[in-house]
Structure formats: structure tokens, C-alpha cells
Amino acid sequence: MALRRSLIAAAALAVAGAFAPFATQAQMVLKAVDTHPAGYPTVAAVEMMGKKLETATNGRIKLQMFPGAVLGQEKEAVEQTQLGAVQIARISLGVIGPVVPEVNVFNMPFVFRDISHMRKVIDGAVGDELLAKVTASPAKLVALGWMDGGSRSLYTKKPVRKPDDLKGQKIRMMGNPLFVDTMNAMGGNGISMAYGEVFSALQTGVIDGAENNPPSMFTSNHFSAGAKYYTQTHHLIIPEILVMSKVTWDKLSKEDQALVKKLGREAQMDQRVLWDKSVEEYTGKLKAAGVEFIPIDNKPFFDATAPVRAKYGAQYADLLAKIEAVK
Ligand code: GTR
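Residues numbered from 1 in each chain as written. Predicted model: local features only at pLDDT ≥ 70, side-chain atom pairs only at ≥ 80, totals over all residues. Heavy atoms only, no water.

Here we look at unusual backbone geometry
Consideration 1: In this model, Ala69 sits at a positive phi of 55°, which is unusual for a non-glycine residue.
Consideration 2: Inspection of the secondary structure assignment puts Ala69 in the loop between β2 (61–66) and α3 (74–83).
Consideration 3: The phi angle at His234 is positive, at roughly 50°, despite the residue not being glycine.
Consideration 4: Considering the arrangement of structural elements, one finds His234 in strand β9 (residues 229–236). (Helix = DSSP H or I, 4+ residues; strand = E, 2+ residues; numbered from the N terminus.)

Here's what the structure looks like:
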């Protein structure tokens, strides 16, 4: 009996011994998702972050990118990240709004004066405050940094110059009631729909248009599904966000957490450089493909959306004052 017990103990020790070196060198592969295809600025910036992470940890932590929504649309990406099935997701802040309502302050129409105002805000104290709100919320997401999504304008099958032209037009918006309200206020009928469904919805006439930035409009091919007019409304300037699953975050050492956070901030700056180039490149490609860019005075759209800012903005009076104060 005594012999048997000591044999078991020896076996247990051997197992522990065998696993000890394995445990210290354990490799971690972080699955990262993005709705955009390979080569898109957000995808490229997160891949760069992955390479830096791998180098800094001598290969202990790696990142594997799943671009092109292969693991699901953004709503699913958020859910999978919350569960820990996906470790890192780059998503629009638009779809975080329903999960962490405080971020909707950035999702309001015409909340930023222009792109450079948005960048100053996300790079500064207000940006940090919102990232901290996401992390502190019960959503099980850790916010690592921001990315640039430029400004969103309207694209339709019939030309639009003023709110009245949108009458009766069904326009796809991202899944967040705030955006449906925004489109309704702008004069159209906002239809909430996943990004991946927009192409066929345009083709079959389920919708008459959508809204996005030039790189998304081009890479999603929406222009070839009949949306030939791009009206420069610039009604939404929504930052993108990079999040990590809290389940994964909690498994990292303090040092690794600090490294991931630092590289998240670097990715924010790396993506911006790629973004500026891509806006120029894809604007050119859209024009070459026959898309007509319609420059307009967007004040009527700004005025029309005042009730949306009043409805959603009341609860963020403090934050709105801070955003406004950023010069
Ligand atoms: C893009 C954004 C995506 C996604 C998409 C959409 O501009 O980068 O994350 O939100 O818009 O309209 O669904």
C-alpha cells in the first residue's frame, strides 16, 4: 500500500516536473477579428501590433488575424470577444453603443467639428476616459485604443442634395437605434442591418442606399451594387475601437498587460498613417469607377439632426462640454 502511494506521488511529481517548463514557456495565440479585408488599414495596423507583440515576448504571444468577417459580423464579433472565443476585435464604436451606452456620446451625429477635432479628442483625456469606461463596464471588454474611421457620408442610387431628397429612401445604418434615429431625422428611413448584408440588399432593392467612408464604400463593393452618388454629408465621425476579451486580459501577467496596452496605443497611431493614405486612394478608385461625389453644404443635415443630439446628448452634458472645449 505504502509502495503504491509513493509510486503515485512519484508519478504526480514527474507530471508536475514535465509541465513546469511547459508552463513558463506557454505560448498564447490571440485570435483577432476585423470585418474588413486583408490590407485594410485597421487589419494592417493590428497585424503590425501582433508582430511587435511577438518580437517583444520572444514568440510567447502571437496574434492570428481573421479578416473579412470570416468569424461573423461585428455584433457577433463583440459577443465572441465578450465570451473569450475571440481575443481581440477591431470594431466600430457604433456597435459598442448598445453594450456600453456611455460611448454613444461619440456616436452622435455631428458631435465632432471635423476629423482633426475627433483625433485630438480620442488622443487626449476624453478619449482615455471613454476607453476606461468601456473597460470598467460589465461588458467584459478591455479597451486597448482607438482607430480612425474618417467621416461617414451618404451613398444612394438617386442623387441627394438636401434632406428632402431622402424622403421615402431606405438607408442602411449600423445596428444601434441612435443611427436609425439619425437617418430618420436626416429625412430618410433608417434601416438597421449588418454590414455583410448591405451589398445584396442594395442589389435587390431592399434598401436605396447606405452611408460610410470611401475606403469602406469601395472595399465592400457597394458602389457596384447601384450606389453611384456619394453626397458629402459627413454626418457621422465615429472612431473605431480595439478591444481585448476580459477573459484573456485576466490571464496575462501585469507586464504583458502593460505591453499590450502600450502596443494598442501605438496601433492607434500606426493606423492613422495608413488611414490617410487609404482615404485618398479609395476616393480616387471610387471616382474612377464612376461614382459621382456631390459636394454640399451640410448645414441642413446638421440642423435636421439637432433633436437627436438633444435626445441622446442630455445624459452626456459633461462629456459634451469637454469635447467641445478641445481645440
Ligand atoms: C466601417 C467600419 C466597420 C463597420 C462598417 C459598417 O466604416 O470600419 O467597422 O462598422 O463601417 O458600416 O458596418
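Description of the pairing of strand β7 (residues 189–192)
Consideration 1: Sheet topology places strand β6 (residues 170–173) next to β7; 4 bridges connect them, and they run parallel. Bridging across to β7, Met173 finds its partner in Ser192.
Consideration 2: Chirality of the crossover, the property in question, places the unit of β6, helix α6 (residues 177–186) and β7 among those that are right-handed. (Pairing = 2+ DSSP bridges. Right-handed = clockwise from strand over helix to strand, strands pointing away.)

Some points on the nonpolar core
Consideration 1: In terms of nonpolar packing, the biggest core is built from 49 residues, with Ile91, Ile96, Phe106 and Ile241 touching the most fellow members.
Consideration 2: Aside from chain neighbours lying at most four places away, what touches Ile241 is Ala89, Arg90, Ile91, Leu93, Ile96, Leu131, Val134, Ala143, Gly145 and Trp146.
Consideration 3: In terms of nonpolar packing, the next biggest core, distinct from the first, is built from 24 residues, Val46, Val142, Leu144 and Met147 among them. (Core = buried A, V, L, I, M, F, W, Y, C linked by side-chain atoms within 4.5 Å. Buried < 20%, exposed > 50% of the residue type's maximum accessible area, 1.4 Å probe, protein only. Contact = heavy atoms within 4.5 Å.)

Remarks on α6
Consideration 1: For α6, the set of buried residues is Leu178, Phe179, Val180, Thr182, Met183 and Met186.
Consideration 2: Looking one or two residues past α6, Gly187 carries a phi angle of roughly 120°, positive in sign.

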